Amino acid sequence: MSVLDILVYPEPALKRKSLPVENINKGLDCLLDDMAQTMRDANGVGLAAPQVGRNIQVLVVDVPLAEKQEGSQFYEFVNPIIVSSQGFQVGEEGCLSVPGFFAEIRRKEYIRVSAFDREGRRFTIEADGMLSRVLQHEIDHLNGILFFERLTRLKRDIFVKQIDQCFAGGRS
């Protein structure tokens, strides 16, 4: 397994809509393994293929279990689609591609996602709480949407100005 480079905003590749995976093969196995290692190395809870320069619909998620439980839930998704959702939640989000910045983002509370696993088998998962939030965030990446684009226009403009000032100050 390798640790991949994570693309950072304002990298144009982060704004592209990803293509569906057509062939599930050993190359995809390697990518999924490398993405999991990269996410863990960066202390993230999710990572989408566009964040490591791959324009395909693949993501990995590793969220902590509920309170008073040790460990985490790890998932791999190929060509994920949100098939239903309901309710709302608001919570703080950050992003490995926008390091050091956080915002309160409104997301669906409950989602149902259909996807394929690394073996090409279709599965469906129901998620709420943090898992729901992380899945929506990563699926947004597959559609070229960054988390701060979910803010109201005024808040988004202020947020982007802060990010741009940070990058103008010597960060790259």
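Rules of the game
Numbering of residues begins from 1 in every chain and follows the order in which that chain's sequence is written. Local features are withheld for residues below a pLDDT of 70 in this predicted model, meaning they are given only at 70 or higher, and side-chain atom pairs are given and counted only at 80 or more; totals for whole chains, interfaces and linings count all residues. Working from all heavy atoms in the structure, the side-chain values ignore hydrogens and water. Numbering of helices and strands starts at the N terminus; helices are DSSP runs of H or I of at least 4 residues and strands are runs of E of at least 2. We compute the radius of gyration from the C-alpha atoms alone; for a globule the expected value is 2.2 Å times N to the 0.38, where N is the number of residues. Note on classification: 1.4 Å probe, protein chains only; a residue is buried when its accessible area is under 20% of the maximum for its type, exposed when over 50%, partly exposed between these limits. Whether two residues are in contact is decided by their heavy atoms: any pair within 4.5 Å suffices. Computed with the Shrake-Rupley method and a 1.4 Å probe, the accessible areas treat only the protein chains shown as cover for residues. The positive count covers Lys and Arg only, the negative count covers Asp and Glu only, and His and the chain ends enter neither. The atom standing in for a charge is NZ when the residue is Lys, CZ when it is Arg, CG when it is Asp and CD when it is Glu. A pocket here means an open set of points on a 1 Å grid, computed over the protein atoms alone, that has protein on both sides within 12 Å along at least five of seven lines. A cavity is instead a set of points where a 1.4 Å probe fits but cannot get out; residues with an atom within 4 Å of a point line either one. Grid points are joined across faces, edges and corners, and a volume is the space filled by probe spheres set on the points. Charged residues are taken to be Asp, Glu, Lys and Arg, nonpolar residues to be Ala, Val, Leu, Ile, Met, Phe, Trp, Tyr, Cys and Pro, and polar residues to be all remaining types, Gly included.

Draft legend 1. Representation of the overall build of the protein chain within the structure. On a plain count of helices and strands, the protein chain comes out with three helices and seven strands. In sequence order, the secondary structure elements of the protein chain are arranged as α-β-β-β-β-β-β-β-α-α. A globule of 172 residues ought to have a C-alpha radius of gyration of about 16 Å, and the protein chain, at 16 Å, matches this closely. Across its three principal axes, the protein chain shows a C-alpha extent of roughly 45 × 35 × 30 Å. Out of the 172 residues belonging to the protein chain, those deemed buried represent 42%. Within the protein chain, counting contacts between residues at least 6 apart in sequence, those at least 24 apart form 62% of the total. Per element, the accessible surface of the protein chain, about 9,400 Å² overall, is 49% carbon and sulfur. Computed over 21 positive and 24 negative side-chain charges, the separation of the two mean positions in the protein chain equals 7 Å.

Draft legend 2. Representation of the layout of surface pockets in the model. Of the pockets and cavities examined, the largest pocket occupies roughly 330 Å³. Per-element tally for the lining of the largest pocket: the top contributor is helix 2 (residues 129-142), with five residues. Here the residues of the lining of the largest pocket sort into nine nonpolar, seven polar and four charged.

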